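Chain by chain, the residues run as shown.
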Amino acid sequence: MSGMYALRGELKVINVGSSHFHDQLRRQGVRSIQVNWRPPVELEDDLQDILKEVL
Amino acid sequence: MSLREEIEKANQMAVERMMEASALWVDVVEAGRKLAVFSQPTILHAGPPVEWESASGPLRGALIGATLLEGWADDPQSAERKLAKGEIRLLPTHEVGVVAPMAGAVSPSMPLVVIRDPKYGNEAYSNLNEGIGKVLRYGAYDETVLKRLKWMGSELSSAFKAAVDQAVKERGGMDVKLILTQALNMGDEGHNRHVAGTSLFLNELVRYMIMSDLPKEVTLRVVDFVKGNNFTFLNFAMAAGKVMTLAAHNIKYSTVITVMSRNGTEAGIWVSGLGKTWFTAQAKIPQGVLFPGFRPEDANPDIGDSAITETSGFGGFAMAAAPSIVSWVGGSVQFAVENTERMYQITLAKHRYFKIPYLSFQGTPTGLDLRKVVKTGIEPTINTGIAHKQPGVGQIGAGVVSMSIEMFKRALRHYAQEYGI
């Protein structure tokens, strides 16, 4: 029921990650904003330690 | 001051100098007269150091061609033998302030353009661009290639020399940075698209050629050659990029990348705070649009010094400025925009002078930061040409490639050792 309630009004989307969904929604006239995000990179321990010191 | 603060201060200085450096074309000289390394038989090549045994097909082809051009061998077979025996020394262009596209073969009789930065007192050099297709820089070396190179080393370079002398007399030289700045506002990205840059360059050149009283037929041949080769301005833009990155190089603590280059086997980088030490990894194979008749498996791994454009804040990093480039390198306009946006995540500043109209005249991503590349895992994107992997063939397309994360990891580990982390 709550899902149906949400779709009764104008659909507004915040899309996180792959911009494909955002683009498709925009093409269909849906208001959508894109948040560029991707999972953190897995790094070797020694590089993580160095980055803590320099960044 | 903490190490982190030292790095911030050094990087700020490096980026400031990179953006503020000027780039004036002031001379054309024979490479052998300008650079002391040519006192013995030597050919320069793009990218990190490489010996004949590991050289890729297009580099081998270019080295054979340069050996024939110099008259050090009478035929390709004897040229190859001399190169394999090490009778001709191979040196990386960057180590003597030169940048040259693709194979980057520069031998003593070839003309170099001299780009000067009076502000920070640096000079950088590049050779002259031959055009696309069957050309030396893509590994072709037949009679047509050598004939064109001989003409470029005589009539073309003499005409350019006369023109640039006139430009120096009138205005202290030709402002290459200004042309580049305008070209970025006219649909070029400054690496793989120079339609605007070459036109603007020609506008300036013609005036100086007329003023220097060159014979009409010479002027006409030179104008036709430049007009027929949209990549004429590439080499000037590259030397300008080199002089800008020289201003940012050798700053203690700085993690700004000041060289990215490839030799067709390996790709390598320099870091401002780590001097001239190369950090390398395997060069990747570009993805893009191939000329008719060629297949993806014909492509050689990436090659050339032209990534100096991205290193200094244009080229692939400014792809959003050049929507038309997708017809040449592949992809979509959206990809071009997204690529530029991604590069902001691994750079330190938005360029003060190089602007992108489509992004509300935002500055281009400038000052590639070693730390950010490793942290984010985002590999810098380069717009590039594609060479056939066999020597003697030439260019087979154009596309996009990235610099492997591995060389950045190696550089960061070395940085930690160097600065006692």
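Residues numbered from 1 in each chain as written. Chains lettered and ligands numbered in written order. Predicted model: local features only at pLDDT ≥ 70, side-chain atom pairs only at ≥ 80, totals over all residues. Heavy atoms only, no water.

On to the overall build of chain A. Secondary structure assignment for chain A yields 3 helices and 2 strands. Ordered by position from the N terminus, the helices and strands of chain A form the series α-β-α-β-α. The long-range share in chain A, meaning contacts at least 24 apart out of those at least 6 apart in sequence, stands at 0%. As displayed, chain A offers around 4600 Å² of accessible surface, 55% of which is attributable to carbon and sulfur atoms. (Helix = DSSP H or I, 4+ residues; strand = E, 2+ residues; numbered from the N terminus. Contact = heavy atoms within 4.5 Å. Areas by Shrake-Rupley, 256 points an atom, 1.4 Å probe, with all protein chains shown as cover.)

Now for the environment of alanine 21 of chain B. Residue and element names in this part refer to chain B. Turning to its location among the elements, alanine 21 is positioned in the loop between α1 (3–20) and β1 (24–30). Residue classification places alanine 21 among the buried residues on the basis of a relative accessible area of 0%. Among all residues touching alanine 21, those that are not within four sequence positions of it are Asp117, Tyr120, Lys177, Val243, Met244 and Ala247. (Buried < 20%, exposed > 50% of the residue type's maximum accessible area, 1.4 Å probe, protein only.)

Moving on: the layout of surface pockets. By volume, the largest pocket is sized at about 560 Å³. The wall of the largest pocket is formed by 18 residues, among which Ser19, Gln34 and Asn36 of chain A together with Glu338 and Glu341 of chain B lie closest to the centre. Breaking the lining of the largest pocket down by element, the ones donating at least two residues are α2 (19–27) of chain A together with α12 (333–343) of chain B. A total of 5 residues in the lining of the largest pocket trace back to one element, the largest contributor, which is α12 of chain B. Taken together, the residues of the lining of the largest pocket sort by class into 5 nonpolar, 8 polar and 5 charged. (1 Å grid on protein atoms, 1.4 Å probe; cavity = no way out; pocket = protein on both sides within 12 Å on 5 of 7 lines; lining within 4 Å. Points joined across faces, edges and corners; volume = space filled by probe spheres on them. Nonpolar A, V, L, I, M, F, W, Y, C, P; charged D, E, K, R; others polar.)

Residue and element names in this part refer to chain B. Trp25, Phe160, Phe201, Leu205, Phe236, Met260 and Phe408 are the most contacted members of the largest nonpolar core, which has 123 residues in total. Residue contributions to this core peak at 11 residues, all from helix α9 (residues 232–248). In terms of domain composition, this core takes at least three residues from each of domain 1 (23–235) and domain 2 (250–418). With near-sequence residues (within four places) excluded, phenylalanine 160 lies in contact with Trp25, Val28, Leu128, Phe201, Leu205, Val222, Val226 and Phe236. Formed by 15 residues, the second largest nonpolar core is a distinct cluster that contains Val29, Leu35, Val37 and Val98. (Core = buried A, V, L, I, M, F, W, Y, C linked by side-chain atoms within 4.5 Å. Domains from an automatic or database assignment.)

Note on backbone geometry: most residues besides glycine have negative phi, and most peptide bonds are trans. Residue and element names in this part refer to chain B. Backbone geometry at methionine 102 places phi at a positive 50 degrees, although glycine is not the residue there. Mapped onto the elements of the fold, methionine 102 is located in the loop between β3 (89–92) and β4 (111–117). With a phi angle near 65 degrees, asparagine 250 is a residue other than glycine that sits in the positive phi range. With respect to the helices and strands, asparagine 250 occurs in the loop between α9 and β7 (257–263).

Residues and elements named next belong to chain B. Note that methionine 174 resides in strand β6 (residues 174–175). Of the residues examined, methionine 174 reaches a relative accessible area of 1% and is grouped as buried. Residues methionine 174 and glycine 268 lie 94 residues apart in sequence; the distance between their C-alpha atoms is 31 Å. Sequence-distant contacts of methionine 174, defined by excluding residues within four places in its chain, comprise Ala23, Leu24, Trp25, Ala167, Ile179, Phe201, Glu204, Leu205 and Tyr208.

Right, let's get into the sheet that holds strand β9 (residues 279–282) of chain B. Residue and element names in this part refer to chain B. Spatial ordering of the open sheet is given by β9-β8-β7-β11, a layout of 4 strands whose pairing is antiparallel. Two strands lie at the open edges of the sheet, namely β9 and β11 (303–304), each paired on one side alone. In the sheet, strand β8 (residues 266–271) pairs with β9 via 4 bridges, with the strands oriented antiparallel. If you follow glutamate 266 over to β9, its bridge partner there is glutamine 282. (Pairing = 2+ DSSP bridges.)

Moving on, we come to the sheet that holds strand β15 (residues 395–402) of chain B. Residue and element names in this part refer to chain B. The strand order across the open sheet built from 3 strands is β10-β15-β14, with neighbouring strands paired in antiparallel fashion. The open sheet terminates on both sides in strands that have one partner only, identified here as β10 (287–290) and β14 (381–387). The mean angle between the axes of side-by-side strands here comes to 20 degrees, regardless of whether they run parallel or antiparallel. Relative to β15, β14 is paired through 7 bridges, and the arrangement is antiparallel. Across the sheet, residue threonine 381 finds its bridge partner in β15, namely serine 402. (Axes fitted to C-alpha atoms, helices over the stretch in contact; angles between N-to-C directions.)

Attention now goes to the pairing of strand β2 (residues 31–35) of chain A. Residues and elements named next belong to chain A. In this structure, strand β1 (residues 12–16) lies alongside β2, joined through 5 bridges in parallel fashion. Within the sheet, the bridge partner assigned to lysine 12 lies in β2 and is arginine 31. After leaving β1, the chain enters α2 and then returns to the sheet as β2, a path that is right-handed. (Right-handed = clockwise from strand over helix to strand, strands pointing away.)

On to the environment of valine 99 of chain B, then. All names here are of chain B. As for its placement among the helices and strands, valine 99 is situated in the loop between β3 and β4. In this structure, the C-alpha to C-alpha distance between valine 99 and methionine 238, residues 139 residues apart in sequence, is 6.5 Å. Residues within four places of valine 99 in sequence aside, it is in contact with His94, Tyr125, Ser126, Asn127, Met238, Ala239, Lys242, Asp305 and Ile308.

This paragraph deals with the packing of helix α5 (residues 143–171) of chain B against helix α7 (residues 195–211) of chain B. All names here are of chain B. Running from N to C, α5 and α7 cross one another at 90 degrees; their axes reach a closest spacing of 8 Å. Considering their axes alone, α5 and α7 lie roughly perpendicular with respect to each other. Residues Ala159, Phe160, Ala163, Gln166, Ala167, Glu170 and Arg171 of α5 touch α7, and the partners they reach there are Phe201, Glu204, Leu205, Arg207, Tyr208, Met209 and Met211. Among the residues making up the contact of α5 with α7, the classes are represented as 9 nonpolar, 1 polar and 4 charged. (Parallel < 35°, antiparallel > 145°, perpendicular 65-115°, else oblique.)

Time to look at the domain arrangement of chain B. All names here are of chain B. Assigned domains within chain B: domain 1 (23–235) and domain 2 (250–418). Just the C-alpha atoms count here: the centres of domain 1 and domain 2 sit 21 Å apart. Contacts between the two partners involve 43 residues from domain 1 and, on the opposite side, 54 residues from domain 2. Taking both partners together, domain 1 and domain 2 bury about 3500 Å²; carbon and sulfur atoms supply 64% of that area. Inspection of the domain 1/domain 2 interface yields 20 residue pairs in polar contact (both at pLDDT 80 or more). Only α3 (57–69) and α6 (176–184) provide two or more residues apiece to the side of domain 1 that touches domain 2. (Buried area = accessible area lost by both parts, 1.4 Å probe. Polar contact = N/O pair within 3.5 Å; in protein donor to acceptor, adjacent residues only side chain to side chain.)

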